[in-house]
Each structure stands twice: as C-alpha cells, then as structure tokens.
Amino acid sequence: MTRQPQDTFRLLFFVERNLHLPFLEPIHDYFQQHLPGFELAFASPEYSESIQGTLGRGLDARTVERLSAKARYVVDIRAYAPDVTVVADIGAAYILRDCGRIVNVGHGMISKGCFYTRQPIVKRENIADLICVPGEWHRDILAENVFSVIVPTGFIKADGLFGPKAFTRDRFCHDWEIPRDARILLFAPTYNEELSAIPFVQERIVELARAEGDGETHLVIKLHGMTDRRWIDLYVAAAATNPRVHVLPITYDLTRVMVAADVMISDVSSAFVEFMLLDRPIVLFDNPRKSEFQHFDPLDLEYQVRDACTVVSSWEELRDAVDRELREPTRLSALRRHYADRMCLGRDGRGVERAALAIAGLPRMRHPVSFTVVIPWRGGEAEMIAKTSRTVRHDNPGIDLELVFVGRRPMGSALESDDRWVDCAYPTGQFLDQAVTCARHDHVAFWDPRLVTPAGWLRQLANYFRWEPKTGVVQAIGPGMEQRVLLEHMLPGGERKNDADVAFIFHRFLQGGGMTVGGLDTACFLIRKDVYAAGGGFPPDLGWEQAMERLGLAVRRSGLGVRRAVETYVYPLHNVMAGVDQMRKSGPVRSNEALLKTASVPDVSIIIPVCGNKNLTRDCIRSILENTSNVPFEIIAVDNGSTDGTSEMLISLEREGTLRRVANQANLGFAKACNQGAKAANGRYLVFLNNDTRVQCRWLDALRSCAARDERIGAVGAKLLFEDGLVQHAGVVFDHNLKPVHIYKFFHPQHPAVRQQREFQAVSAACMLVDKAVFDRLGGFDEQYVNGYEDVDFCLRLRRAGYKVVYCPKSVVTHLESRTPGRFEAMDRNKELLLSRWGDVLAADEMETYHQDGIQYELIEEHEHGHVCVMHDANPNPYWTRARRLAEQGGVDKAVATYQEAYRFFAFDPRKYVVLEELAELTERHGLLEQAEHYWRGLVETVGDPEHVLRLERLRVSRKRPARK
C-alpha cells in the first residue's frame, strides 16, 4: 500500500481483546504526550463475546467510542498502512496483514505454562521485530528460541503499582464503598477450564466475604476478559445478595484493585506474577486438569515462582490458606522479593516510558547478523537493478546487508554504495564462487529475483542456524508437494489459496517448524562462508541451478543438514514485478511486504480451456510468460479430459506455481470450461484464451488499458493473426444472412481497416478480456452452445445490458485456429440457437463496415461452403509505393520482399495481380528466374491472361536452353 509523502511515522495499536488494552493504551498515551512526530491510531477485530468453548475478540462499542476521542480508530488496516503495529500478544499477528513491523509488548508471554520454555510454540514470537519483556530473566530465557530484538522494560501495568502516578488503596475503597480498614481479597482466575479455579470453587468463593468481630472481609472478583458468560452471570448474581462481594467490569484495570488487595487468589494467570511485585500473599488453586492444557510445561517461569505462593487443591484448603495468609502476611516475603527483583526491571513507574522509547527507536535497531545476498542476474533493464536492490532492503528492515549481482551488467545501471557486481555472460559456478569469495559477511544468501519473498526472510532463514547447530544450509519452501501437504494439513478441505495467502499463513503459523530435506532445490537459501568452503563451493563449469544442486549434496556429505524453512514461502514472480514497479511510481513504498502481496494478487486471470494439443498448450503458456509485463496475472488451465500427456504437463506446471489447474474427467465444452475457470479466478478481469494461440509482446497491457479507459466497456477482443501473419480476426460482423463472420479475414495486419480500435457487435473469445463482475452478473457463457457462438451470444447480451464490445488492434495474438478435436461438430445447431434468440435484433453490418473503411465489396459467387468476392480498396498501399522506389534504386532483395508485402496488403483487390506482375518482371529482369517462374505461374493460375501464359512459356524455354560456351 502506498501513501503520499509525509513527515510522521504511523504507529498502530491493535487491541485483539479487551484485556490487552491496559498494556497498549498507556503506551499510546505516552507517545501522545511526550513523543511528537508519530501518527497514532487504534484498531481491533470485530467485537464478539466469549461463549463456552470460544474466545471473544475485539472491543465493545463504548470502548471504541472512548478511544476514538483520543486518536484515530482504524477499520481498514491495510488502507491505513502503518509503519509499526503494537500488539500485546503475538497471537494477534495471526489476523494481521500488511501491518508493517510488529512490536509485542508482552502480555501472554508470562502465563499458561509455555512461553518461557523450549516448546515449539515459543518460536512464534519471532514474528515480532521487537519484544518488550518485564525483566532480564524473561529476556535470557526467551533468547534461547527467539532472535528478534528483546528489550526488558518492566511490567507495563506495574506503572500503576509504583511511582508517582501509582493508584492508591484509598481511591479504590472510595470508588467501591469499601471501608478503609476492611481486609480485601482479590479473586483473579484465568478462563481456561483446564487451569482455572472457577469450576472447583464456583460460587462458594463468596463465602470468604464475611463480617467478623474485628472487621469486615470484602471479596473483589476480577474475571479474565475471555471468561465464559455463564461464570460471569454466576458471580454477578452472587454479588447481588452480599454487599461485601464486588464483581468488577471485564474492562476494569486490574492494577487498580491490586494496590488495594491484601491477598490474591488465582490459579495459572499472569495476574499473580504481577501481584507478587507488591510483596503480598498469594493463594493459587491447582487445577488437577492442568496437564491437559495444550501447552502445559512445569518448567515455565510461572511455575518456577510458585514456591513463593501457597498452592491448594480443594475448597477447604483454599479457605484455610486465605485465613493463614491474612494472619501471617510476611511468611513468604523473602521469596517474593527475590523473584520480584528478577522478574521486573525498575519497579519505578517507568515501564511504559521504557517500552515507548524502545518502540520509537525500532527504526534504528539493527539485527545482530549481517548478510551478503548474491543475485544471479539473467538480464533486464538497468532500472531493474536499483528496484531489485530496494526490494531486498524493504523486505529485510533493520538488517545490514550488501548485494552482489552476478551476470551481464546492463549499460547505465547504478548500484547502492554497499553493492557490487561480478560481470559475466552467464551466472555459472565460477562467477558465483567469486561472489562468495568477495562477500564481506559470513552469512551468504542466494536469491533468484524472479521469486517473491516474505518480509524478514533473511533473519527467518538465519534462525535455523541457532535452533539447529548441525544445519549447513537453509532454504525457503516453494510451490510443490511439500507446500501442498502442509497447507492441506493446516486447512483440511479448505478453499484454494493464492500464493500471497499461502505465504502469510506459513509465516504466521509455521515459525520454527522447519524440516530436514534431501537436497538444495529452491533458489532462495542461506549458507555460511565456512560451510560453503568446506563443501568445495560451486563447480565452476555448471550453470546456476545445477551448481546449486551440487552444493546441497556437498553440504550433506560434510555431515551437515539441509533444512527447509517452512515459514519462508517463495513463489515465482511471473512478471508481477512489473506491476509492482507501476505501483511504486505512484508514491513511496510504506511496506515492501504489503506492496508485494498487493501486486501478487492478480489483476487479470487468464483462463485457458484445454483438450489435448499438449505441445500447443505448452507453447501458449510459454508465450504468456515471455510476453506479459506491467499487469499482475494468474493462469488458470481448465483441462477438459486430455489424454495425450497434457494433464501430466499441467500438473507439473501447477506444482511449479506457473498456473492453477481445474480438471474435468471429460470434454465438457468451451463454455463450461470457461465458466469453471471464471469461478476459480481471483482477478478483476478475465481473459479467455484458446490454447492454440501464441501471444505477442504487450498483448495483455493493451487489452487491460483499453478496458480501463471506459467503465462501459464490457469486453475487449484482440487482433488475431494466422500463422503466416495475415488477419484471422479483427472483429465480428453479420452478413446479409445474419451469419457472424470475422471481418477482414486474410487482410494484412497493417491495413488501416484493422488498425483502428472500434466497437463491434461481437469479438472472438479466442482472446477476449471481460470484467469479472460483469461476466458473473450476466451468468457467464451460455452452456447450451457447444464449441461455437458462445462468445457471440455473450457479446450480444453485453450490448443489451448497455456495455460496449471493443476490438483492440494493439493486442496481437497468433491463432492457429480450430485445432481442438470436435470443434465444428455442433456448429449448425449453434447457429440455429443463435438466430432463434437474436435474429430479430441482429444488424447486418458487414457492408456498412466495408463502406466506412473505403472498401467496395462485390459478391461474385455464394455457395454452402463460402463465397467468392472482390474488394476494391481505396486505401493507399504503402508497401507498393515503397517497392517501386526500391526497384528503381536497385535494391532488388528489399524490393522483392516489399512487393510481397504489397501483394498481401491487397487481400481481395484485383490490383494485387498488378503487383504480382511487377514482381514477376522485376525478378526476371534481375535474373532471379526460379522466383520469376513461380510468380508468372501464379498469375496464369489466377488471372489466366494469354499474355501471362506466353511470358511463362518463354521463361521456361529460356531456362531449359543450355548456356553458350
């Protein structure tokens, strides 16, 4: 997402759940009061309450209204395009996309018995670029698995316990009408049924609130924001009958009651760890089901500090423990102070300040590892060098790196100061080895610039060297069987995902989930220079791909592993970068990850119905990949039961990420296949393309630009050429019998009549662009037509709906025409169906079109298989004029070639035979007798003039006569 230039830095506070707000709002307020120059905003998911078995999310309307009064409240995060998003639990990142760099300020990292262990879930914290933790103890444990920047700041909420702005017991007692000399018990359980005290103590907890001879005991209940509604209602009902029981609102700041409480009663909740900082007694209920919790681990930090608390396992033990702690509040004080010193930095009321300053300093923070990125360069314009460099740096913020390009350097290309070039004809092993040798950094990455990479891919690959010390090389995961198996495991039976979606899912949910693989096969990998040297480097005489495979084998032979970083999904660019470049021109890039993901969503879906013709289909797809730029696209091949190896080829191309495949067991026809492809498409526009076509340069740019000029344009057709270069299609008109025909068939592609963009009643769906929304609204192609006239019917329906059908001559496609078996079997039936529906509205416009283009049409003969006609063309023939000039100047070869084009230009004009006669005379005059005989024979066979017969015979006799000695 791009924005106009501005001086401010956009900072978004994303509140996934209401209990996160006490962590995030104070940091926002500090920025607002003390750190100008930041544009601040809040956001949250759509609000939903917790119900049994389901956690709630979001903020209620009143809270959103309150936050909106102090800062902007964002609904569309992607449109806002924040530079940094601050969360209070990294789990929020599972629903955040295009949110800039991520900061986690710590909630959810000190609770539930898993986040300070070596369990795999801990590795998910690497999603964040910066993590604020309470103390050095947290940092040291976390740093064993998490290699993002980790900064101890103190407990964020502890600022309400210490310092000049701390809350007071007197204020709490006043607000809740509790006597100042009363004893206050705080019941703050968690919500998980496997961990919570609630299912065991239930409403009996209110029995702790009582009046005694020496005073009153009040019970304050503060439930977790995700607590099931049935428990909330239970305690609210109990409090209604006992004035010494107080149920705080879910959104109430827990810190305000902590300062007032004499004893806390909890279970497995981060609340008791924060309460320990006050050096007051804590009673924990030990749920016997705790080991059933998915991430239970008794080695977690939270369990290590329980000896400073009283742990109970029944209601009776709980009641007795509370009484004991009230009588002996200092009994475990020494242990509590010891743990408090280790767990919380400062305890001075400045935790929020330290967190805010850390966030403000994120752009200046540097990753501890520096990288050299080697880029095999296979050609491209000079400006692409700088754009590639910017892409890598945008993808890897906070990382010091250099780029080394290997290949033929474009003239005029400029490099960043830290970048270098190894100039060679082709990036073979010899020159790639030179790049590694001159690399300034120990970590060397190789990246094919035709691959789209996720943000932070360099540090994600580098993490595996620390997680798995026996790792020799780490590579990304690309499209293929492994990727499909993982996705199916994560989303069984789910809908098909595009590459950008897969990259997001893998990045968020598979952190640290890498696997050992047998070889190096993805052109995005990381290796250390010492490992590279030990493996012997690249074989000098091999190309890039083969050299890469050999390197992987050498690493394995050295006893080190080849790892697959599954959170780093890369996929073929397929010319998406051209679309990215266009986006970049519109303004500065705020987030390269967002930019690439936006560009990777196709603007156009190219739908190719396929039934056999394997080689033609392969050539068609190859031509798309070679000749399409500036428009992000996807290819969808609809296989109508091919049996000649086409299916296997399409499966292979799908695994490579070149296309997506829709498979039918039988030939369901053109209309059905196109409709299936349209249903699977992600693009705004659809292009229906026959598999017996070969597209030419900028074909798709022209179609797309034509459609974008006028929202009333419903369909755009290309100029279709026969294999010999003559016109096959330049629009569809209707003749005097109301039969649809391709006008100007066999005309020269440069004829003025076929070079003008204009409206027609129909265009051919052999290559036709349609707005997807319009196509869907009209119900797609009518499947009653069988391989014929579906496109004409659809265009007529478009025009009836008020849309234009336009022929675009700048989009040029070679069409081998009607190579699919059974193409014409139902043509008579299709024609009858078309006339029955449209005969009363069709306009016979063939003659009018010829007249407008300066052509006089003369029908000579008409029969069931066609007709014979003459067209007297008033348009000048530029090739004829030039050919005569060249002949006069003596340029025989050029004159002959130009005469041939002049002959083709006069498709059905009798003057073409005058051109042919001049060509025959020219070649005979210059001794090109074989060619001259060919041209005279052509005149005899077509014109039959006696003079032509005489000239041909004279030439034949002269050619047979032996040369004089």
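Coordinates for the structure precede this section.
Residues numbered from 1 in each chain as written. Predicted model: local features only at pLDDT ≥ 70, side-chain atom pairs only at ≥ 80, totals over all residues. Heavy atoms only, no water.

**As for the environment of Phe908**
Here comes step 1: Note on placement: Phe908 falls in the loop between helix H32 (892-905) and helix H33 (912-925).
Here comes step 2: Spatially, the C-alpha atoms of Phe908 and Val868 are 9.5 Å apart, while their sequence positions differ by 40 residues.
Here comes step 3: Contact partners of Phe908, with chain neighbours within four places excluded, come to Lys745, Phe746, Phe747, Cys869, Val870 and Met871. (Helix = DSSP H or I, 4+ residues; strand = E, 2+ residues; numbered from the N terminus. Contact = heavy atoms within 4.5 Å.)

**Observations regarding helix H25 (residues 670-680)**
Here comes step 1: All buried positions along H25 are accounted for by Phe670, Ala671, Ala673, Cys674, Asn675, Gly677 and Ala678.
Here comes step 2: Those residues of H25 hidden inside the fold are in contact with strand S25 (604-610), strand S26 (633-640), strand S28 (685-689), helix H27 (772-777) and helix H28 (790-800). (Buried < 20%, exposed > 50% of the residue type's maximum accessible area, 1.4 Å probe, protein only.)

**Description of the nonpolar core**
Here comes step 1: Counting residues in hydrophobic clusters, the biggest one holds 57 residues, and the most contacted among them are Phe688, Met768 and Phe781.
Here comes step 2: Here Phe688 is in contact with Ile607, Cys674, Ala765, Ala766, Cys767, Met768, Val770, Phe775 and Phe781, once residues within four sequence places are set aside. (Core = buried A, V, L, I, M, F, W, Y, C linked by side-chain atoms within 4.5 Å.)

**With respect to the sheet that holds strand S20 (residues 471-477)**
Here comes step 1: Taking strand neighbours across the sheet as the criterion, the eight strands line up as S17-S16-S15-S18-S22-S20-S23-S21 in an open arrangement whose pairing is mixed. Pairing within the sheet leaves two strands with one partner each, and these edge strands are strand S17 (420-423) and strand S21 (515-517). Neighbouring strand axes in the sheet, compared pairwise and without regard to direction, differ in orientation by 25° on average.
Here comes step 2: As paired elements, S21 and strand S23 (residues 561-569) share three bridges and run antiparallel to each other. Looking at the pairing, Met515 lines up with Arg564 of S23.
Here comes step 3: Along the sheet, helix H16 (residues 457-467) makes contact with strand S15 (371-377), strand S16 (401-407), strand S18 (443-447), S20, strand S22 (524-528) and S23, crossing S23 at roughly 140°. (Pairing = 2+ DSSP bridges. Axes fitted to C-alpha atoms, helices over the stretch in contact; angles between N-to-C directions.)

**Let's talk about the state of the cysteines**
As used in these notes, a disulfide is a covalent bond between sulfur atoms, one from each of two cysteines.
Here comes step 1: Under the criterion given, the structure shown has zero disulfides.
Here comes step 2: As a non-bridged cysteine, Cys132 has Cys344 as the owner of its nearest cysteine sulfur, 13 Å distant.
Here comes step 3: Residue classification places Cys132 among the buried positions, given a relative accessible area of 1%.
Here comes step 4: Cys344 gets classed as buried once you look at its relative accessible area, which sits at 5%. (Disulfide = S-S within 2.5 Å.)

**Topic: the pattern of salt bridges**
Here comes step 1: The full count for this structure, using the stated rule, is 63 salt bridges.
Here comes step 2: A salt bridge links Arg229 to Asp233, with the shortest nitrogen-to-oxygen separation between them at 3.6 Å. With Arg229 and Asp233 both in helix H7 (residues 229-239) and four residues apart, the pair spans about one turn of that helix.
Here comes step 3: The partly exposed category is assigned to Arg229, whose relative accessible area is 34%.
Here comes step 4: For Asp233, a relative accessible area of 43% translates into the label partly exposed.
Here comes step 5: Note that Lys804 is salt-bridged to Asp710, the shortest N-O span being 2.9 Å. (Salt bridge = Lys/Arg side-chain N within 4 Å of Asp/Glu carboxyl O.)

So yeah, pure geometry; function would need other evidence.
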